[in-house]
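Okay, here's what each chain looks like letter by letter:
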Amino acid sequence: MNRPTLIFRKRRSHIQFGKVFRNLFMKANDVRYNGRPIHYPAYGKELKNLSSLAADKATLPSEADVVVIGGGSLGCNVLYYLTKLGINNVILLEAHQLTSGTTWHTAGLLFELRHSDVDTQLIRTTRDLLLGLEDETGINPGWIMNGGLMVAQCKNRLDEYKRLMSLGRTQGIETYILDPKETSEVHPLMNTSDIVGTLYSPRDGTMDPSGFCTALTRAARRAGAKVYENCPVTDICTAEKLLGGKRVTEVHTPLGVVRTNAVVNAAGSWGNHIAKMVGVELPLTIVEHSIIFTEKIPGIKNTPNVREPAASAVLKVHGDSLAVTGFEKSPVLVEKLATDSPFMLYDLKWDVFGEVFEKSVNRIPALESAGIKSTICGPESFTPDIKPILGEDPTVEGFFHFCGGNGTCMMLGGGLGQQMAKWVIHGRPEVDMFSYDIRRFHKPLNSNKHWVHAKSHECFMNRYSVKYKHNEPLAGRGQRLSPLHEVLEKQGCVFQESHGWEKPGWFNSHPSHVQPYDWYGAYDKQVNTDQRYCDALKHDHTFDLPMHHDVLRKECLSCRNKAAIFDLSHLAKFCLTGPDAQVAADWLFTADVSREPGTSVYTCLLNKMGGVEGLLNVSIFNGEEEVVFGQPFTSRSFYLTSDCQVEYHVLSHLLKEIRTHRWDVEIVNHTDNISVLSVQGPESRQILQRLSDATFNNASFPVSTQKVLSVCGETVLARRVTSTGEMGWELHMPNKSAQPIYEALMDVGKPFGLVNAGYRALESLSAEKGERNWHTDTRPDDTPLEAGLTSSCKLNTRMNFLGREALERQQSSVVHKKLMTFTLKDPSKPLWGNEGIWRDCSPVGFLRRADYAFSLGLAIGYGYVKLSTEEIEDPGLLKKGVWEIESMGELLDVTIHLNHPFDPEGLRVNGDLVLEDGLVCQ
């Protein structure tokens, strides 16, 4: 039977074309994908196994070191890398046939350049794997290096690409910014009349999903792994552990029971079907995802693949035709996914996908007259931030998540599989994987279906929006609120979202309320009429200094010169108590916490490789704090605080060690019931003194101590700690006390110049003071010795702690990288992070973190620099040579600092520094 040839013309409406599509194409059953016949289940045709790999026929082994569930891209990749790392007693269980879930209909694209150095490294691993698989296995994974183009229709988009290019150069990626004429030379069929330029990466390409997975499993089986098709998992058994934890013990299937200590859930869109067997729910949304394959297009062969942000579309070269896929405004949600239907497909809905295709025609006009050879519309899983979910579940030891990859699971698959294998074997990955870790989400929200769907929809729809540093979501807001939320909102607070919290970002001149999510008008929903919050967010939609630069400057300099109040109620807050609390604290924290009660210590949490898993302030309690926290402290106890985004990460890190050592302790999470107000600045002492009978001078209340005291009649825990570099105190209190204390502070503080300030000001103040941020300045693949945090480690004592051996090994050899500080010489230029660091005309690193230092009047940035042996011995040599920062393709003059440039002696924390005029900056 001949396939019908359909001609798509722009003047034809989606509905009209949809009728033609249904009447003609859906009656055809000779549909092909990668040259293989695909028969739609809806028409009762026999399903085909695309893997072309015979599964193992023997009975399941009674035990295995690792059981991988799911035979898609992620499952096959982790199986391959487990065997590469020496784990041969591993099995893969696939409910149907390999790749029969969603992998078989994945586009198979690889765009090497990403907005993160980690993502770029992961994709590079996949690319290297593709280049060597055929030699290793004899199977061609279908790698074609035809390059990639990313289209820019406006200046901001092109600036984003220039930033990507700067980061890519530091990673060794060949990439170019092309003007419209140059773009036409690279891709003659592209319409360039409405673009300002493109980003061209000649090493990008495509792969064959089926061939890739076949090669991976062949290599794994040769190494001893076993693959079982048509073997669904029916149950996973667990055993109890301390503090409500569990551990994996058995996997049940129709072919038998396998005893194991490690299960990798790589079931993709069916991930929750497996996760629920151990009582866990993942934040996954399943949508219908479409691909259209055209008939032959003359001249399209070997042209680059195209990403078209204006259409939210990707145009993949498919031999001498095109495959068009993308992200619709109103994607069809799949409420229930069948577990017994391999190679599942849906009818493609042209009223949904038509707009993506129509806009693609504008970019490649030849699409208008090309026939439609076939279409695919299958399920894909997405997460609330559109990134896959990885890592060991904090509540179930040995149960590893490896789901939510959607279309990216092909290009990321090799890198993710490699890190997942190391996670299983060594207990953690080799590189920083927090942006993929299950612990990045606030656990109670994972089972909130409305939150998951709304967040996933927004990310799906904005997949190709310009990535600004301070992009804020509109979906899933208002989940966790400070008791002061409404009070601050009325005063013009523009809130930012983090780990479910609405935390103060900065203060506008008029109120701007976060509105309920309107789905951007998708699904025929009414768009919000109140757009004040969205309008405020647009101030940050720039790579120049933002419109509210002066507002942030005012908040920062008020803190430096007078006083500022910060609502830090979003901080993660835990109490560690019990008979073994001191033993646990000595092992868990790098700082010496064997001090007298009433003191506070800044400390790191490390992994066994010495990498930083968290930065905390730890206060040592003496028992009187019971009145504030509402729990008895019958033994030596510790109060821990960290940034809200790492709440679950820190908690699970602590629990894992406690369960491993079987300590008799308890951890109580006070994040939601304790509020925190921080008063910072030279006038903070005067303000607090007027509201309390306590004495706040240096002798009575020194830095890094805390007291339980009364503030305007309310009992609080006052800690003299700061991340601004100024004299100041944090007041920790029950939620009910927050509003009366805040109102009293604002009333008394007015004559002293006290102002509201938000997290944006706090980030700037901490950056110019050299305070470290976790997951920017320090990550799990950085050590305290590299990050300049050696003083927070008790290496000069005999006390052992987690990660000490790794630090001592590094200390006895050589520290080959250091976190360095840079300031731009041009005060009119901003830095945002990810800019390239150049020395003597060569890239040597990139900025992990950047901000504007208002007290210095310059942009400031932090990045790791590799050191030579001579520079290790004499750091002063680092000042030699010409240092520059590449920002959007431009090399900018900078100054490198061996210490943070603002108040390097730390005098202001004690209130000792008096500047001329009493001001930091006019």
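The shown structure was predicted, so the numbers you read here are calculated from the model rather than taken from an experiment.

Conventions adopted
- Residues numbered from 1 in each chain as written.
- Predicted model: local features only at pLDDT ≥ 70, side-chain atom pairs only at ≥ 80, totals over all residues.
- Heavy atoms only, no water.
- Pairing = 2+ DSSP bridges.
- Helix = DSSP H or I, 4+ residues; strand = E, 2+ residues; numbered from the N terminus.
- Axes fitted to C-alpha atoms, helices over the stretch in contact; angles between N-to-C directions.
- Expected span 1.5 Å × (residues − 1).
- Polar contact = N/O pair within 3.5 Å; in protein donor to acceptor, adjacent residues only side chain to side chain.
- Salt bridge = Lys/Arg side-chain N within 4 Å of Asp/Glu carboxyl O.
- Buried < 20%, exposed > 50% of the residue type's maximum accessible area, 1.4 Å probe, protein only.
- Contact = heavy atoms within 4.5 Å.

**Q** Give a detailed account of the sheet that holds strand 31 (residues 674-680), specifying residues and quantitative values.
**A** Working definition: the strands of a sheet are paired by backbone hydrogen bonds and lie parallel or antiparallel to each other. What the six strands build is an open sheet, ordered 32-33-34-31-25-35; its pairing is mixed. If you trace the sheet from one side to the other, it starts and ends with strand 32 (706-711) and strand 35 (754-756), each paired once. Pairwise comparison of adjacent strand axes, ignoring direction, gives a mean angle of 30° for this sheet. Here strand 25 (residues 563-567) pairs with strand 31 via four bridges, running antiparallel. Looking at strand 31, one finds that isoleucine 565 is bridged to valine 679.

**Q** Please give an account of helix 3 (residues 117-137) that cites residues and values.
**A** Between its first and last C-alpha atoms helix 3 spans 30 Å; for 21 residues at 1.5 Å apiece the expected length is 30 Å, and the two agree. Measuring from the side-chain oxygen of the N-cap residue of helix 3 to the backbone nitrogen of valine 118 gives 3.1 Å; that N-cap residue is serine 116. Positive backbone phi, approximately 85°, marks glycine 138, located one or two places after helix 3.

**Q** With reference to specific residues and values, describe the pattern of salt bridges.
**A** In this structure the tally under the stated criterion is 40 salt bridges. With a closest N to O distance of 3.2 Å, aspartate 119 and lysine 387 form a salt bridge. With aspartate 119 in helix 3 and lysine 387 in the loop between strand 19 (372-382) and strand 20 (389-392), this pair connects stretches of sequence that are 268 residues apart. Exposure class is identical for aspartate 119 and lysine 387. Each is buried. Between arginine 804 and glutamate 808 there is a salt bridge, with its nearest N and O atoms 2.8 Å apart.

**Q** Please provide a residue-by-residue account of the environment of proline 365, values included.
**A** Inspection of the secondary structure puts proline 365 in the loop between helix 8 (350-363) and strand 19. Look at proline 365 and you get partly exposed, because its relative accessible area is 38%. Expressed as a C-alpha distance, the spacing of proline 365 and isoleucine 438, which sit 73 residues apart in the sequence, is 42 Å. Those residues in contact with proline 365 that sit more than four places away from it in its chain are Leu189 and Asn191.

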